[in-house]
Amino acid sequence: MGRPIIYWACFIALAAQAQTFQLPTANHALFEKEGEDRFFVGTSGKPWVTGTFGCVRSSGWQVHEGLDIRCLQRDRHGEPTDPVLATADGTVSYISTRPSLSNYGNYLVLCHQVEGVEIYSLYAHLREIRQDLKIGQAVKAGETVAVMGRTANTHEAISKERAHVHFELNLLVNDRFTGWHKKTFPDQRNDHGEWNGQNLLGIDPRPILVAQHEAGAKFTLLSYLQGQTELCRVLVRKTYFPWLKRYAALIRPNPRAEKEGVAGYEIALNFNGVAFELIPRAASELKGKAKFQLLSVNEAEYHKNPARRLVAKRGAVWELSSHGLNLLEMLTY
Ligand SMILES: [Zn+2]
């Protein structure tokens, strides 16, 4: 009787670990050889790469923070009808059904807890969102949460031909975003509170989905985050901000700061502004008095992925740009 129980236990353990993130529609061409054309939708007249994540638009100077996934099913009017599926087990964080208020159109945000990291999936341009979904409600990976559509408030509408779901995986910058936004941009509207796209920093879902598909349980999200390419390293003279709590798994211990007391944090940012490594620093380790200090820049990465313009070169000296300072203000508010 012993052996079947052991086999069964192993099976459950494997099933529980594997495939944290799934594709959010039935389109699985991403996993097929040369399937990109059937998976990604490019911008009008542009190749599929413009539907991927990163500095892929306006000759590299505009970031696309998600994947534009092509539709597979249409109704008799040619409108997309693909079910949109939760990418992982999670809870509902935000539902926006006022398409005129966002270039996301109707959109939905789910929250997932993976390896101690809070990650938010976002599904945009939806035709409809499941009526019974409520904020805080639990959903299962693969569960239908919405129907693909073409909603957006952009000047140029999404054509039927380009029908897609815009899918993001994000880290949440600051739960005090609403207050920060009001103070920083008093004349600008913020219709979505902390679920404003500015407060969500995207990471590329493609390698996550592909690595999980290929490596299964061996893939870890934490290693993926820790392995981001560094654009720059900054020092902030702040000892508490929400990111430290939400992404505590990304903090690297520093015995000296633990012993002497923390006076600030050294932070590694990727090209999109994701703080993927944070090191507490003691006062004795800090130089200068500036609130934010640029410590180093990875020039090769800047030239590869410049669109966020977080740093700029003045003469021979790199400095934090207004965009970079703005991001750090938002992060540490
Ligand atoms: Zn998109």
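Each chain has its residues counted from 1, running along the sequence as written. Local features are withheld for residues below a pLDDT of 70 in this predicted model, meaning they are given only at 70 or higher, and side-chain atom pairs are given and counted only at 80 or more; totals for whole chains, interfaces and linings count all residues. The basis for every side-chain value is the complete set of heavy atoms in the structure, and neither hydrogens nor water enter the calculation.

Type-normalised accessible area, obtained with a 1.4 Å probe on protein chains alone, sets the label of each residue: buried when under 20%, exposed when over 50%, and partly exposed for intermediate values. Counting from the N terminus, the helices are the DSSP runs of H or I reaching at least four residues and the strands are the DSSP runs of E reaching at least two. The element strand E7 (residues 117-126) is largely enclosed, with a buried count of 10 among its 10 residues. Of the pairings in the sheet, the one linking strand E6 (residues 106-114) to E7 comprises eight bridges and is antiparallel in character. Considered in E7, the bridge of Gln113 is made with Glu118. Between E6 and E7, which pair antiparallel and follow one another directly, the connecting turn spans two residues, one of which, Glu115, has a positive phi of 50°. Being paired, for any two strands, means DSSP has found at least two bridges between them. Bridge analysis of E7 against strand E11 (residues 164-172) gives five bridges, and the strand direction is antiparallel. From the neighbouring strand, Tyr120 faces E11, where its bridge partner is Asn170.

Topologically, Thr43 is positioned in the loop between helix H2 (36-39) and strand E1 (54-57). A relative accessible area of 21% means that Thr43 is categorised as partly exposed. Remark: the alpha-carbon pair of Thr43 and Ala300, spanning 257 residues in sequence, is separated by 27 Å. When checking whether two residues touch, look at their non-hydrogen atoms; a contact exists if any pair is within 4.5 Å. Not counting residues up to four positions away in its chain, the partners in contact with Thr43 are Thr50, Arg57 and Arg162.

This part covers the packing of helix H3 (residues 177-184) against helix H9 (residues 322-332). Each axis is a line fitted through C-alpha atoms, taken for helices only over the stretch in contact, and angles between the N-to-C directions span 0 to 180 degrees. Taken N-terminus to C-terminus, the directions of H3 and H9 make an angle of 135°; their axes are 9 Å apart at the nearest point. By the angle between their directions, the pair H3 and H9 is classed as oblique. When the axes of H3 and H9 are compared, the crossing they make is right-handed. Contact with H3, carried on its side by Phe177, Trp180 and Thr184, involves Asn326, Glu329 and Met330 of H9 and no other residues of that element. Residues were grouped as follows: Ala, Val, Leu, Ile, Met, Phe, Trp, Tyr, Cys and Pro as nonpolar; Asp, Glu, Lys and Arg as charged; and all remaining residues, including Gly, as polar. Here the residues of the contact of H3 with H9 sort into three nonpolar, two polar and one charged. Each angle receives one of four descriptions, namely roughly parallel if under 35 degrees, roughly antiparallel if over 145, roughly perpendicular if within 65 to 115, and oblique otherwise. The sense of a crossing depends on the near helix, which, turned anticlockwise from the far helix by less than a right angle, makes the crossing left-handed and, turned clockwise, makes it right-handed.

Attention now moves to the sheet that holds strand E4 (residues 83-85). Sheet strands pair via backbone hydrogen bonds, and the direction of the pair is either parallel or antiparallel. Pairing in this open sheet of three strands is antiparallel, and the strands run E4-E10-E8 from one edge to the other. Each end of this open sheet is capped by a strand with a single partner; those strands are E4 and strand E8 (128-129). Note that E8 and strand E10 (residues 144-147) share two bridges and pair antiparallel. By the bridge assignment, Glu128 is partnered in E10 with Val147.

Here we come to helix H4 (residues 205-215). Within H4 the residues assigned to the buried category are Pro205, Ile208, Leu209 and Gln212. Buried residues of H4, seen end-on, are gathered within an arc of 95° and therefore sit on one face of the element. Buried-residue contacts for H4 involve strand E3 (67-70), E11, strand E12 (200-203) and helix H5 (221-226). With a side-chain oxygen lying 3.0 Å from the backbone nitrogen of Arg206, the N-terminal cap of H4 falls on Asp204. What the arc describes is the spread of directions from the helix axis to the C-beta atoms. Side-chain atoms alone can form a polar contact between residues adjacent in sequence; in general such a contact is a pair of N or O atoms within 3.5 Å, and within protein one must be able to donate a hydrogen while the other accepts it.

Let's shift gears to the layout of surface pockets. Both cavities and pockets are sets of points on a 1 Å grid over the protein atoms alone; in a cavity a 1.4 Å probe fits but cannot get out, in a pocket the set is open with protein on both sides within 12 Å along at least five of seven lines, and lining residues sit with an atom within 4 Å of a point. Grid points are joined across faces, edges and corners, and a volume is the space filled by probe spheres set on the points. Estimates place the volume of the largest pocket at around 1,400 Å³. Lining the largest pocket are 46 residues, with Gln62, Val63, Glu65, Asn103 and Tyr104 sitting closest to its centre. Sorting the residues of the lining of the largest pocket by element identifies strand E2 (62-64), E11, E12 and H9 as the ones contributing at least two each. For the lining of the largest pocket, the element with the highest residue contribution is H9, accounting for four residues. Taken together, the residues of the lining of the largest pocket break down into 17 nonpolar, 19 polar and 10 charged.

How two aromatic rings sit relative to each other is set out by the distance from centre to centre and by the angle between their planes. Note on ring pairs: Phe, Tyr and Trp rings are taken, using the six-membered ring of Trp, and paired if centres are within 6.5 Å. Classes follow the plane angle, with under 30 degrees stacked, over 60 edge-to-face and the rest tilted. The tally for this structure, following the rule as stated, stands at 14 aromatic pairs. Where Trp243 meets Tyr247, the ring centres are 4.5 Å apart and the plane angle is 55°; that geometry is what we call tilted. Here the aromatic residues Tyr94, Tyr104, Tyr107, Tyr120 and Trp195 are joined through ring pairs into a cluster of three or more.

This brings us to the pattern of salt bridges. Note on definitions: salt bridges are taken to be side-chain nitrogens of Lys or Arg within 4 Å of carboxyl oxygens of Asp or Glu. Under the defined criterion, the tally for this structure stands at 22 salt bridges. Linking Arg308 and Glu65 is a salt bridge whose minimum nitrogen-to-oxygen distance equals 3.0 Å. Of this pair, Arg308 sits in the loop between helix H8 (299-304) and strand E17 (311-314) while Glu65 sits in the loop between E2 and E3, and the two are 243 residues apart along the sequence. Residue classification places Glu65 among the buried residues on the basis of a relative accessible area of 12%.

Taking strand neighbours across the sheet as the criterion, the four strands line up as E15-E14-E13-E16 in an open arrangement whose pairing is antiparallel. The sheet terminates laterally at strand E15 (275-281) and strand E16 (292-297), the two strands that pair on one side only. Adjacent strand axes in the sheet meet at a mean angle of 20°, parallel and antiparallel pairs treated alike. With five bridges joining them, strand E13 (residues 232-236) and strand E14 (residues 264-269) adopt antiparallel strand pairing. Across the sheet, residue Leu235 finds its bridge partner in E14, namely Glu266. Against the sheet, H9 touches E13, E14, E15 and E16, its axis set at about 120° to E16.

No statement about biological role is implied by the geometric values presented.
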